[in-house]
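# Close look at the chain arrangement
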Amino acid sequence: MMARLILPCKGSGLSNTCLLLQATCRVNSVGHSVKNISCYRQFLNLEVTCQRNYRFPYPSLPRAKQIGRRLISSVATETSPKQVEESKMDTPKEIFLKDYKLPDYYFDTVDLKFSLGEEKTIVCSKITVVPRVEGCSSPLVLDGQDLKLVSIKVNSKELKEDDFHLDLRHLTLPSPPSGKFTLEIVTEICPQKNTSLEGLYKSSGNFCTQCEAEGFRKITFYQDRPDIMAKYTCRIEAVKSLYPVLLSNGNLIEQGDLEDGRHYAFWEDPFKKPCYLFALVAGQLESRDDIFITRSGRKVSLRIWTPAQDLPKTVHAMYSLKAAMKWDEDVFGLEYDLDLFNIVAVPDFNMGAMENKSLNIFNSKLVLASPETATDADYAAILGVIGHEYFHNWTGNRVTCRDWFQLSLKEGLTVFRDQEFSSDMGSRAVKRISDVSKLRNYQFPQDAGPMAHPVRPHSYIKVWNHLLCLGTFFL
Ligand SMILES: [Zn+2]
């Protein structure tokens, strides 16, 4: 049986809390001058010659954002054998901020290989593990959910069943080597059957990921926590006719054909990142291409990927991306740090928008606009959310959170930045009135009721609940 559910979206759906954080900030704290603002308006005018009526009034912004946040998705509701199994598991554990401990092991490099298939997908991971303290004898506990373990090797030697412990949520190595070592794990997953839409899933013919907050553990066994930051490579293999586009984080190093109609792409992200920023997209998509020259003269390729029929509606999104890149350089001194920036917009991405390093994924509603159907508020909302996810490149991605209790730090700072951006692009006063109006209409009632909670809670049971709590007014 299929049911239609309304799912929340993340994107800037956290902004109520962020707005609260920001409410005490002085709006001129980043030192804009009138000259700066007119400079952006000029930039804007130059960039939008193909669009009409380009001002960004915000009077109906909440309505436009709410539309974006009410995403409809279909999920199976029939009870599967696995769900029955899960009901026998321990009751959920409350996670306390005060219990935070540094990890015993860090991961230095992570090399992933995905062989995408119609029945199953094979994921090979090769991880360089470094003990935090030399000579550490603690067990290494990896998170993992809905995974089939195929093999596990330590320093190229295959482990026997007695060498590790596997349960429904963890893979534990009771006595790993005391120094630096290599861990190779092969898992089998079924993205086609993944209706949680976390981890790697297949929808409308495309493979897509969502790893924030704890989706990566549905891809492979890993220390799925944001303070584990590693350099990643990712090789993707798939049938070329079905999945001509293979995307992941970082720069595209190599691509080519394989036997049996398959092809591959090899991606390398030179910067350390937590696994919640990992992303993979494979499918039939087309791109709008452009370039951005950074202030130091580097050429960055920009691509917005959508199903072919949506491509004409990405003009404003591309404009918004270029405006955000320039604004972040000029106002915050932050230059983009890779050769390539990809945005994917697909109709069934359930989180609204996600800032995966150099591969932002959006629900189409937050990217597509055409002069025939979009309102000024729609244009303003797209500008804001494209900017928001782009700005995370530095506030959230390169500088990330220690644990999920710090979520509001990265979101608060990035919402502040996107508000400043939207203010410079349009009317600062109107934008501020719109934001304060949202606070008064949605956040204040929540804080006056039983759903009130601190911006940084002392505990949570599910990270997901914490995320939802922060975005309650958008549900
Ligand atoms: Zn955000």
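Residues numbered from 1 in each chain as written. Predicted model: local features only at pLDDT ≥ 70, side-chain atom pairs only at ≥ 80, totals over all residues.

### Looking at the overall build of the chain
In terms of helices and strands, the chain carries 9 helices and 24 strands. Counting only residues that meet the buried cut, the chain has 41% of its 475 residues in that class. Excluding contacts between residues fewer than 6 apart, the proportion of contacts in the chain whose partners are at least 24 apart in sequence is 73%. (Helix = DSSP H or I, 4+ residues; strand = E, 2+ residues; numbered from the N terminus. Buried ≥ 20, exposed ≤ 12 C-beta atoms within 10 Å, placed from the backbone. Contact = placed C-beta atoms within 7 Å.)

### Quick notes on the pairing of strand S23 (residues 359-363)
The buried fraction of S23 is high, at 5 of 5 residues. By the alternation rule, side chains of S23 split into Leu359, Ile361 and Asn363 and Asn360 and Phe362, which are all buried. Where strand S21 (residues 340-346) and S23 come together, 5 bridges link them in parallel fashion. The residue of S23 that forms the bridge with alanine 345 is phenylalanine 362. Sheet topology places strand S22 (residues 353-354) next to S23; 2 bridges connect them, and they run antiparallel. Bridge pairing links methionine 354 to isoleucine 361 in S23. (Pairing = 2+ DSSP bridges.)

### Description of the sheet that holds strand S20 (residues 299-306)
Strands sit in the order S19-S20-S21-S23-S22 across an open sheet of 5 strands; the sheet is mixed. Of all the strands in the sheet, the pair left with one neighbour each is strand S19 (286-293) and S22. Across the face of the sheet, helix H5 (residues 315-332) comes into contact with S19, S20 and S21 while running at roughly 25° to S19. (Axes fitted to C-alpha atoms, helices over the stretch in contact; angles between N-to-C directions.)

### Side note on the sheet that holds strand S13 (residues 206-210)
An order of S12-S13-S18-S15 is seen for the 4 strands of this open sheet, with the pairing classed as antiparallel. Two strands bound the open sheet, and with one partner strand each, they are strand S12 (199-203) and strand S15 (245-248). This sheet shows a mean twist of 15° between the axes of neighbouring strands, independent of strand direction. The pairing of S13 with strand S18 (residues 280-283) spans 2 bridges and is classified as antiparallel. When the sheet's bridge partners are listed, phenylalanine 207 is paired in S18 with alanine 282.

### Description of the environment of isoleucine 253
Position of isoleucine 253 among the secondary structure elements: in strand S16 (residues 251-257). Taking the C-alpha atoms as reference, isoleucine 253 lies 7.8 Å from alanine 265; in sequence the two are 12 residues apart. Apart from the residues within four sequence positions on either side, isoleucine 253 is in contact with Phe266, Trp267 and Glu268.

### Examining the pairing of strand S14 (residues 229-239)
The side chains of a regular strand alternate, residue by residue, between the two faces of the sheet. Relative to S14, strand S4 (residues 105-115) runs parallel, the two being bridged by 7 bridges. Of the residues in S14, the one forming a bridge with aspartate 111 is threonine 233. Pairing between S14 and strand S17 (residues 262-274): 10 bridges, direction antiparallel. By the bridge assignment, methionine 229 is partnered in S17 with proline 274.

### Examining the nonpolar core
In terms of nonpolar packing, the biggest core is built from 87 residues, with Leu280, Val281, Ala282, Val344 and Ile382 touching the most fellow members. Ignoring sequence-local partners within four residues, the contact set of isoleucine 382 consists of His316, Ala317, Ser320, Leu366, Val367 and Ala369. (Core = buried A, V, L, I, M, F, W, Y, C linked by C-beta atoms within 7 Å.)

### As for the packing of H5 against helix H6 (residues 376-391)
Contact geometry of H5 with H6 gives a least axis separation of 9 Å together with a crossing angle of 50°. Here H5 lies oblique to H6, going by the angle between them. In this structure, H5 crosses over H6, and the sense of that crossing is right-handed. Between H5, through His316, Ala317, Ser320, Leu321, Ala324, Met325 and Asp328, and H6, the contact on the second element is made entirely by Tyr379, Ile382, Leu383, Ile386, Gly387, Tyr390 and Phe391. Its residues assigned to classes, the contact of H5 with H6 shows 10 nonpolar, 3 polar and 1 charged. (Parallel < 35°, antiparallel > 145°, perpendicular 65-115°, else oblique. Left-handed = near helix turned anticlockwise from the far one by under 90°. Nonpolar A, V, L, I, M, F, W, Y, C, P; charged D, E, K, R; others polar.)

### Details of the environment of threonine 128
By the secondary structure assignment, threonine 128 is in strand S5 (residues 121-131). Since 16 C-beta atoms lie within 10 Å of it, threonine 128 is described here as partly exposed. Residue contacts for threonine 128: discarding those within four places in its chain leaves Phe107, Asp108, Thr109, Lys180 and Thr182.

### Side note on H5
Counted at 1.5 Å a residue, the expected span for H5 with its 18 residues is 26 Å, and the 25 Å between its end C-alpha atoms agrees. When we look at burial in H5, the residues that qualify are His316, Ala317, Met318, Tyr319, Ser320, Leu321, Ala323, Ala324, Met325, Trp327 and Asp328. Looking at the residues trailing H5, positive phi occurs at glycine 333, about 70°. (Expected span 1.5 Å × (residues − 1).)

### Observations concerning the confidence of the model for the chain
In low-pLDDT regions, the fine details of the predicted coordinates are not to be read closely. Summarising the model, the chain shows a mean pLDDT of 84, and 79% of its residues fall at 70 or more. Across residues 1-88, where pLDDT falls below 50, the model places 160 contacts with residues more than four positions away in sequence or in other chains. Note on residues 471-475: pLDDT under 50 across the span, and 15 contacts to partners over four residues away in sequence or across chains. (pLDDT = per-residue confidence, 0-100.)

### Observations concerning unusual backbone geometry
Of note, the bond from glutamate 212 into alanine 213 is cis; its omega dihedral lies within 30 degrees of zero at 5°. Looking at the element boundaries, alanine 213 is found in the loop between S13 and S14. In this model, leucine 197 sits at a positive phi of 55°, which is unusual for a non-glycine residue. In this fold, leucine 197 is placed in the loop between strand S11 (181-189) and S12. You can call leucine 197 partly exposed: it has 18 C-beta atoms within 10 Å.

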